[in-house]
Amino acid sequence: APRTKAYQDAIMQNTHYFRDKVVMDIGSGTGILSLFAAKAGAKLVHAVEASPMAKLIPAIAKCNGLEDKIVVHECRVESLTTEQLIASCGANNNDDTTAASDYKV
């Protein structure tokens, strides 16, 4: 828990880096860092988790009122394509304000 708290503090004390950005959490596990990024103001968070744990992230996001900010990809990051990311940008974002131009490589 001390490490998770340190991550939370680092993110929440630097919200200017997250506000209105598209964020990718690779190896997201339970999605805790995705939640922190969304709470810090990220426009959209892509949680990438290859294990079956990915199936729990949507419920955890919903319990925290962040289901519209977190898109879960149950796959290895190496198999995720830019096209898949762009196609999912409106998947959980009801106001459809995330555009392809938000993805910078």
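Residues numbered from 1 in each chain as written. Predicted model: local features only at pLDDT ≥ 70, side-chain atom pairs only at ≥ 80, totals over all residues. Heavy atoms only, no water.

Asker: Sorry, what's going on with the pairing of strand β2 (residues 44-48) here?
Answerer: Moving residue by residue along a regular strand, the side chains alternate between the two faces of the sheet. Counting buried residues in β2 gives 5 out of 5 residues, a clear majority hidden from the surface. Bridge count between strand β1 (residues 22-26) and β2: 5 bridges; the pairing is parallel. By the bridge assignment, V23 is partnered in β2 with V45. Tracing the backbone out of β1, into helix α2 (residues 32-39) and back to the parallel element β2 gives a crossover that is right-handed. Sheet topology places β2 next to strand β3 (residues 70-73); 4 bridges connect them, and they run parallel. Pairing of A47 across the sheet is with V72, part of β3. With helix α3 (residues 57-63) bridging β2 and the parallel β3, this β-α-β connection has right-handed handedness. (Buried < 20%, exposed > 50% of the residue type's maximum accessible area, 1.4 Å probe, protein only. Helix = DSSP H or I, 4+ residues; strand = E, 2+ residues; numbered from the N terminus. Pairing = 2+ DSSP bridges. Right-handed = clockwise from strand over helix to strand, strands pointing away.)

Asker: Is there a simple way to explain the pattern of salt bridges in this structure?
Answerer: Should the charged atoms of two oppositely charged side chains come close, the side chains can pair. According to the stated counting rule, one finds 3 salt bridges in the structure shown. A salt bridge links K5 to D9, with the shortest nitrogen-to-oxygen separation between them at 2.8 Å. A residue pair is termed a helical-turn pair when its members lie 3 or 4 positions apart in one helix, as K5 and D9 do in helix α1 (residues 2-12) at 4 residues. Assessed through its relative accessible area of 43%, K5 is described here as partly exposed. Classification of D9 by relative accessible area gives partly exposed; the value is 27%. With its nearest N and O atoms 2.8 Å apart, the salt bridge here joins K55 to E74. Separated by 19 residues along the polypeptide, K55 in the loop between β2 and α3 and E74 in the loop between β3 and α4 (82-87) bring together distant segments of the chain. By relative accessible area, K55 is classed as exposed at 56%. (Salt bridge = Lys/Arg side-chain N within 4 Å of Asp/Glu carboxyl O.)

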